[in-house]
Amino acid sequence: MKTIQNTAAAFGLVLAASVTIGAPASATECIAPSNPGGGWDFTCRTIGRILSELDLVEGNVQVTNMPGGVGAVTYAMVVNERPDDPELIVATSTVGITQIAQGRYPAPVDAVRYLAMLGADVGVIAVDDESPIESLEQLTEMMASDPGSLVTAGSSGAGGWDHLRLLMVAREGGLEDLGALRWVQFDGGTDAVTQMMGGQIDVVSTDMGEIAGFVESGDIRILAALSDEPIPAFPNIPTAKSQGVDVTGYNWRGLYTGGDVSDEEYNQWVSDLETLYNSEEWQTAATESGLIPIWRGGEEFSDFVKSEAQVMEDISRDIGVIQ
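For every chain, the first residue of the written sequence is number 1, and numbering continues from 1 onward in sequence order. Local features in this predicted model are restricted to residues of pLDDT 70 or higher, and side-chain atom pairs are both shown and tallied only at a pLDDT of 80 or more, whereas totals for entire chains, interfaces and linings draw on every residue. Side-chain metrics in this entry use all non-hydrogen atoms of the structure; hydrogen atoms and water are not considered.

**Q** It is not clear to me how the pattern of salt bridges should be interpreted in this structure. Could you clarify?
**A** Opposite charge on two side chains permits pairing when their charged atoms draw close. Throughout this description, the term salt bridge denotes a Lys or Arg side-chain nitrogen within 4 Å of a carboxyl oxygen of Asp or Glu. All told, the structure shown has 13 salt bridges when counted by the stated rule. Between D162 and R165 there is a salt bridge, with the nearest N and O atoms lying 2.4 Å from each other. On the criterion of helical spacing, the pair formed by D162 and R165 is a turn pair, its members being 3 residues apart in helix α6 (residues 161-172). Side by side, D162 and R165 carry an identical accessibility label, which is buried. For R317, the salt bridge identified is with E313, shortest N-O distance 3.2 Å. A helix here means a DSSP run of H or I that spans at least four residues, while a strand means a run of E at least two residues long, and both kinds are numbered starting from the N terminus. We call a residue buried when its accessible area falls under 20% of the maximum for its residue type, exposed when it is over 50%, and partly exposed in between, using a 1.4 Å probe and counting protein chains only.

Here it is in structure tokens:
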């Protein structure tokens, strides 16, 4: 894999971001590598709250938002400054692992220890509620015939998971020159949707969990869910597959900790997170937010992440994102 080119810049951002950390060293902390309101923020805040409610940690969990580099800033900080801190957990997902697979993080995928996956978010393709684009078929026709007329966006950089999912839809719809589709990066789906509502963006590719509130309020329209079956919390949203576009795009939600955390501390986290996963509190919170509860923990999850990273690297190479 390639090594990130702007590692120095990422480390500089770490110094600026770290001043927001106010928890005592002994307090459990969950870092969301994004601004408030996104999927990683949801992961930390929801899991943190339930950990406290179930008395799996002492006191409240300190949630810290540390945006930058689509998770690269946080990754650098954990690897280099807090690799053995057993009280630190960090939200991650398919988006983050895709960035690692493309060499955009300053350390390889095995530089940290992966604790658990607790659910999967479903990718969606969204437009503003007043957009003239009213169907996935209409969108794919526009992407194939005049891709330069559209500005698309999501919570990852060019070649990130949000981008890859949209490119997969575009390719399935007949777009041959994938590079002709304009893409704008935001640090979260919420930010991308806000810009779309303001008229700066035409289409957003992101996770339902990041923008469920906008769907419920009617401010945006979902053209397709990138899932095998309709999302349980939003059963009226059609899947891409049901519209003749054979593309799925799940974004699992999980946590990692430092690479030097001991086996005993690591195993305790895995056990506690499995207890949390099986709780009514998590099952309810996950499904109400559009997640599909899925459990993978410990070494099984670690092996899965490494396999996923290889898959993402292969896909990225196939579409020319990396060489």
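The structure having been displayed, the exposition proceeds.
**Q** Looking at this structure, how should I read helix α8 (residues 208-217)?
**A** An α-helix turns once every 3.6 residues. As a result, residues three or four positions apart point the same way. Buried within α8 we find M208, E210, I211, A212, F214 and V215. Throughout, a contact is declared for two residues whenever any of their heavy atoms are within 4.5 Å. The inward-facing, buried residues of α8 abut α2 (39-53), β4 (112-128), α7 (189-197), β7 (203-207), β8 (220-226) and β9 (250-258). Two residues or fewer after α8 comes G218, characterised by a positive phi angle close to 85 degrees.

**Q** Sorry if this is basic, but what is going on with the state of the cysteines here?
**A** Such a bond, covalent and formed between the sulfur atoms of two cysteines, is termed a disulfide. Throughout, a disulfide means two cysteine sulfur atoms within 2.5 Å of one another. Applying the stated criterion across every chain yields a total of 1 disulfide. A sulfur-sulfur distance of 2.0 Å marks the disulfide that ties C30 to C44. Torsion about the S-S bond of the C30 and C44 cystine: about -75 degrees, corresponding to left-handed handedness. Of the two residues, C30 sits in strand β1 (residues 29-32) while C44 sits in helix α2, which places them 14 residues apart along the sequence. For the residue pair C30 and C44, the accessibility class agrees, reading buried in each case.

**Q** What's the story with the side chain of S289 in this structure? I'm lost.
**A** Within the secondary structure, S289 sits in the loop between α10 (280-288) and β10 (292-297). Counting of polar contacts relies on pairs of N or O atoms within 3.5 Å, with two restrictions inside protein: one atom must be capable of donating a hydrogen and the other of accepting it, and residues adjacent in sequence are counted only when both atoms are side-chain atoms. A polar atom in the side chain of S289 sits 3.0 Å from the backbone oxygen of A285. Excluding residues that lie within four positions of it along the chain, S289 makes contacts with F42, M208, G209 and A212.

**Q** Explain the packing of helix α4 (residues 94-101) against α6 here, please?
**A** The axes of two packed helices give the description: the angle between them and the distance between them. Here an angle of 0 to 180 degrees is reported between the N-to-C directions of two axes, which are lines fitted to C-alpha atoms, with helices fitted over the stretch in contact. Axis separation between α4 and α6 bottoms out at 8 Å; the angle between their running directions is 90 degrees. Classified by the angle between their axes, α4 and α6 sit roughly perpendicular to one another. Every residue of α6 that contacts α4 at T94, V95 and T98 is listed here: W161, D162 and L164. Think of it as three bins: nonpolar holds Ala, Val, Leu, Ile, Met, Phe, Trp, Tyr, Cys and Pro, charged holds Asp, Glu, Lys and Arg, and polar takes everything else, Gly as well. Looking at the contact of α4 with α6 residue by residue, the classes come out as 3 nonpolar, 2 polar and 1 charged. Roughly parallel means an angle under 35 degrees; roughly antiparallel, over 145; roughly perpendicular, 65 to 115; everything else is oblique.

**Q** Please explain a negative patch on the surface as it appears in this structure.
**A** Think of a patch as exposed residues, more than 30% relative accessible area, with no salt bridge, where like charges cluster within 9 Å and nonpolar side chains (Val, Leu, Ile, Met, Phe, Trp, Tyr) cluster within 5 Å. In these tables, accessible area is a Shrake-Rupley quantity obtained with a 1.4 Å probe, and a residue counts as shielded only by the protein chains included in the view. Residues scored as charged are limited to Lys and Arg (positive) and Asp and Glu (negative), so that His and the chain ends carry no count. Charge positions are represented by NZ for Lys, CZ for Arg, CG for Asp and CD for Glu. A contiguous patch of negative charge, built from D84, D260, E264 and E265, is present on the exposed surface. Its location among the elements puts E265 in helix α9 (residues 263-277).

**Q** Is there a simple way to explain the pairing of strand β3 (residues 88-93) in this structure?
**A** Moving residue by residue along a regular strand, the side chains alternate between the two faces of the sheet. Counting buried positions along β3 gives 6 out of 6 residues, so the element sits mostly inside the fold. Here β3 shows two buried faces, one formed by L88, V90 and T92 and the other by I89, A91 and S93. Where β1 meets β3, 3 bridges bridge the pair, whose relative direction is parallel. Within β3, the residue paired with I31 across the bridge is V90. Summarising the sheet, β3 and β9 pair through 4 bridges and their orientation is antiparallel. Bridge pairing in β9 places A91 opposite L255. Strand pairing follows a simple DSSP-based rule, namely that at least 2 bridges must link the two strands.

**Q** What's the story with the packing of aromatic side chains in this structure? I'm lost.
**A** In this description, an aromatic ring pair is defined by two values, namely the gap between the centres and the angle between the planes. In this analysis, rings of Phe, Tyr and Trp, with Trp reduced to its six-membered ring, are considered paired at centre separations within 6.5 Å, and the interplanar angle assigns stacked below 30 degrees, edge-to-face beyond 60, and tilted for intermediate values. All chains considered together, the criterion is met by 8 aromatic pairs. Among the aromatic residues, those joined into a ring-pair cluster are Y75, Y105, Y114, W252, Y256, F301 and F304. One cation-aromatic arrangement involves R113 over Y266; the distance from NZ or CZ to the ring centre is 4.1 Å. Between the NZ or CZ atom of R296 and the centre of the ring of F304, over which it lies, the distance is 4.3 Å. Lysine NZ or arginine CZ positioned within 6 Å of the ring centre and within 35 degrees of the ring normal marks a charge as sitting over the ring.

**Q** Would you mind going over the packing of α2 against α9 with me for this structure?
**A** At a minimum axis separation of 10 Å, α2 and α9 run at an interaxial angle of 90 degrees. Judged by the inter-axis angle, α2 sits roughly perpendicular to α9. Contacts between α2 and α9 involve I47, I50 and L51 from the former and W269, L273 and L276 from the latter. Split into classes, the residues belonging to the contact of α2 with α9 amount to 6 nonpolar, no polar and no charged.

**Q** In this structure, what is going on with the side chain of T152? I would like to understand it.
**A** Assignment of secondary structure puts T152 in strand β5 (residues 151-154). In this structure the side chain of T152 is engaged in a polar contact, spanning 2.5 Å, whose partner is the backbone oxygen of R182. Residues contacting T152, with those up to four places away along its chain left out, are L166, L181, R182, W183, V184, I201 and V203.

Structural measurements only, silent on function.
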